[in-house]
Amino acid sequence: MSDQSQYNTDTGTDIQTQPVQTDSADQVPAGQQSPSATNNTSMVYCNTCGKDMARLAESCPSCGAPNPLAKPKQSEKSMVPAALLCFFFGALGFHRFYVGKIITGILMILTFGGLGIWALIDFVMIIVGSFKDSEGLPLKR
Ligand SMILES: [Zn+2]
């Protein structure tokens, strides 16, 4: 009796390494662009009613729809100085003056930052990125 055992060692696995391209897409507006290139003109077409309006107009003069091209995504103000101002002078509302919220800033002085609670809430909001400026835009990181 012959005991023959065959070992099939299949080493046919080729590992092909593909070069990974890191696609750094920085601030590409998602969709909502007309196929016809309107780069030279300062007029764009409203997405809602189709009439043309100024590119920098905040809203369509015809139907009142907000213009996504004109509205910046972020505030011009940054998080770090706002957080620092709120940390050191939060009860005096400095961070609210910084982002342009003058009225609530004055209110904050009068209430001494809501006895510190309001200022503390603002500080947390700034840190987590939920704090908005006077135009309702999130602060830059
Ligand atoms: Zn419109």
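Relevant structure appears above.
Residues numbered from 1 in each chain as written. Predicted model: local features only at pLDDT ≥ 70, side-chain atom pairs only at ≥ 80, totals over all residues.

Peer 1: Break down the overall build of the protein chain for me, with residues and values.
Peer 2: Broken down by element type, the protein chain carries five helices and two strands. For the protein chain, the sequential pattern of α-helices and β-strands runs β-β-α-α-α-α-α. Across the 141 residues that make up the protein chain, the buried fraction comes to 16%. Summarising the internal contacts of the protein chain: among those between residues at least 6 apart in sequence, 38% fall at separations of at least 24. (Helix = DSSP H or I, 4+ residues; strand = E, 2+ residues; numbered from the N terminus. Buried ≥ 20, exposed ≤ 12 C-beta atoms within 10 Å, placed from the backbone. Contact = placed C-beta atoms within 7 Å.)

Peer 1: Kindly report on the environment of Asp-52, identifying the contributing residues and their values.
Peer 2: With respect to the secondary-structure elements, Asp-52 resides in strand β2 (residues 52-54). Distance from Asp-52 to Ser-62, taken between C-alpha atoms, is 8.9 Å for residues ten residues apart in sequence. Dropping the residues within four chain positions of it, Asp-52 is found in contact with Met-43, Val-44 and Tyr-45.

Peer 1: A description of helix α1 (residues 79-89) should follow, citing residues and the corresponding values.
Peer 2: Listed as buried for α1 are Ala-82, Ala-83, Leu-85 and Cys-86. The buried residues of α1 occupy an angular sector of 165 degrees when the element is viewed end-on, so they sit on one face. Every exposed residue of α1 that faces more than 90 degrees away from the buried side is listed here: Val-80 and Phe-88. Those residues of α1 hidden inside the fold are in contact with α2 (94-98) and α5 (117-128). (Arc of directions from axis to C-beta.)

Peer 1: An account of the environment of Val-99 is needed here, citing residue identities and associated values.
Peer 2: In this structure, Val-99 sits in the loop between α2 and α3 (102-110). When the C-alpha atoms of Val-99 and Ser-134 are compared, they prove to be 6.1 Å apart, with 35 residues separating the residues in sequence. Dropping the residues within four chain positions of it, Val-99 is found in contact with Ser-75, Lys-77, Ala-82, Asp-133, Ser-134 and Leu-139.

Peer 1: Give me the lowdown on the environment of Leu-56, citing residues and values where you can.
Peer 2: Mapped onto the elements, Leu-56 comes out in the loop between β2 and α1. Owing to 10 C-beta atoms within 10 Å, Leu-56 belongs among the exposed residues under this scheme. In sequence terms Leu-56 and Ala-70 are 14 residues apart; their C-alpha atoms lie 4.8 Å from each other.

Peer 1: How would you summarise the packing of α1 against α5 if you had to cite specific residues and measurements?
Peer 2: Running from N to C, α1 and α5 cross one another at 160 degrees; their axes reach a closest spacing of 9 Å. The angle between the axes of α1 and α5 places the two elements in the roughly antiparallel class. Crossing handedness for the pair α1 and α5: left-handed. Residues Met-79, Ala-82, Ala-83, Cys-86 and Phe-87 of α1 form the contact with α5, whose participating residues are Ala-119, Asp-122, Phe-123, Ile-126 and Ile-127. Here the contact of α1 with α5 is composed, by residue class, of nine nonpolar, no polar and one charged. (Axes fitted to C-alpha atoms, helices over the stretch in contact; angles between N-to-C directions. Parallel < 35°, antiparallel > 145°, perpendicular 65-115°, else oblique. Left-handed = near helix turned anticlockwise from the far one by under 90°. Nonpolar A, V, L, I, M, F, W, Y, C, P; charged D, E, K, R; others polar.)

Purely geometric numbers; function is a separate question.
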